[in-house]
Amino acid sequence: RHPNYFGEILFHCGISCMGASGSPIQVFACIFPTFFMAFTLQNAARRSDREADHKYKSIEGYADWARRTPVLLPSFSQTPASSAG
């Protein structure tokens with residue numbers, strides 16, 4: 001439901017890896033923001049999902065879609081499409 005947040009976390013992980021070979025202070029300075037951003041984006045995803053649950057509660061199929069769709073990590077498994085008659 002939030003692949004852009006997943007991409008942002010991956011970006012920060014890459015930045016952290018570039019600084020992981022420095023002094024302990026440099027390593028901390030590069031790794032801490034990654035955890036901070038992951039925490040912030042996870043909370044943003046939860047808030048966005050609560051808002052969407054309220055906004056789209058009357059839309060048929062939304063609850064099922066939200067239940068089947070991962071929040072951050074993309075899923076590449078095939079889900080059966082609903083048959084239309």
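Residues numbered from 1 in each chain as written. Predicted model: local features only at pLDDT ≥ 70, side-chain atom pairs only at ≥ 80, totals over all residues. Heavy atoms only, no water.

Re the side chain of His-12
- The residue His-12 is located in helix α1 (residues 3-18) in this model.
- Other than its neighbours up to four places away in sequence, His-12 contacts Thr-34 and Met-37. (Helix = DSSP H or I, 4+ residues; strand = E, 2+ residues; numbered from the N terminus. Contact = heavy atoms within 4.5 Å.)

Some remarks on the nonpolar core
- Judged by nonpolar contacts, Tyr-5, Ile-9, Leu-41, Ala-44, Ala-45 and Leu-72 together constitute the single largest core of 6 residues.
- Those elements giving two or more residues to this core turn out to be α1 and α2 (24-55).
- No other element matches the 3 residues that α2 contributes to this core. (Core = buried A, V, L, I, M, F, W, Y, C linked by side-chain atoms within 4.5 Å. Buried < 20%, exposed > 50% of the residue type's maximum accessible area, 1.4 Å probe, protein only.)

Notes on the confidence of the model for the chain
- Here the chain averages 84 in pLDDT, and 91% of its residues register 70 or above.
- Here α1 stands out as the element of the chain with the lowest mean pLDDT, 87, in contrast to helix α3 (residues 62-68), whose mean of 90 is the highest. (pLDDT = per-residue confidence, 0-100.)

Section: the packing of aromatic side chains
- Counted under the stated rule, the structure contains 4 aromatic pairs.
- Each ring, one from Phe-28 and one from Phe-32, has its centre 5.5 Å from the other, and the planes form 25 degrees; the classification is stacked. On the criterion of helical spacing, the pair formed by Phe-28 and Phe-32 is a turn pair, its members being 4 residues apart in helix α2.
- Here a set of aromatic residues connected by ring pairs shows up, and it is made of Phe-28, Phe-32 and Phe-36. (Phe/Tyr/Trp six-rings, centres within 6.5 Å; stacked < 30°, edge-to-face > 60°.)

Observations regarding the packing of α1 against α2
- Where α1 contacts α2, the axes come no closer than 8 Å and their chain directions differ by 175 degrees. Relative to α2, the element α1 lies roughly antiparallel. Contacts from Tyr-5, Glu-8, Ile-9, His-12, Cys-13 and Ser-16 of α1 reach α2 at Cys-30, Ile-31, Thr-34, Met-37, Ala-38, Leu-41, Ala-44 and Ala-45.
- Looking at the contact of α1 with α2 residue by residue, the classes come out as 10 nonpolar, 3 polar and 1 charged. (Axes fitted to C-alpha atoms, helices over the stretch in contact; angles between N-to-C directions. Parallel < 35°, antiparallel > 145°, perpendicular 65-115°, else oblique. Nonpolar A, V, L, I, M, F, W, Y, C, P; charged D, E, K, R; others polar.)

Here we look at the side chain of Asp-49
- Summarising the element assignment, Asp-49 is placed in helix α2.
- The exposure class of Asp-49 is buried, given its relative accessible area of 11%.
- The contacts of Asp-49, once residues within four sequence positions are left out, are Arg-1, His-2, Tyr-62 and Val-71.

Some details on the pattern of salt bridges
- Evaluated as defined, the whole model comprises 4 salt bridges.
- The salt bridge partner of Glu-51 is Arg-47, with a shortest N-O separation of 4.0 Å. Of this pair, Glu-51 and Arg-47 both sit in helix α2, 4 residues apart, roughly one helical turn.
- Residue Arg-47 is classed as partly exposed on the basis of its relative accessible area of 46%.
- Arg-68 serves as the salt-bridge partner of Asp-64, at 3.1 Å between the closest nitrogen and oxygen. Here Asp-64 and its partner Arg-68 are both found in helix α3, 4 residues apart, which amounts to about one turn of the helix.
- Here the residues in one salt-bridge network are Asp-64, Arg-67 and Arg-68, joined through shared partners. (Salt bridge = Lys/Arg side-chain N within 4 Å of Asp/Glu carboxyl O.)

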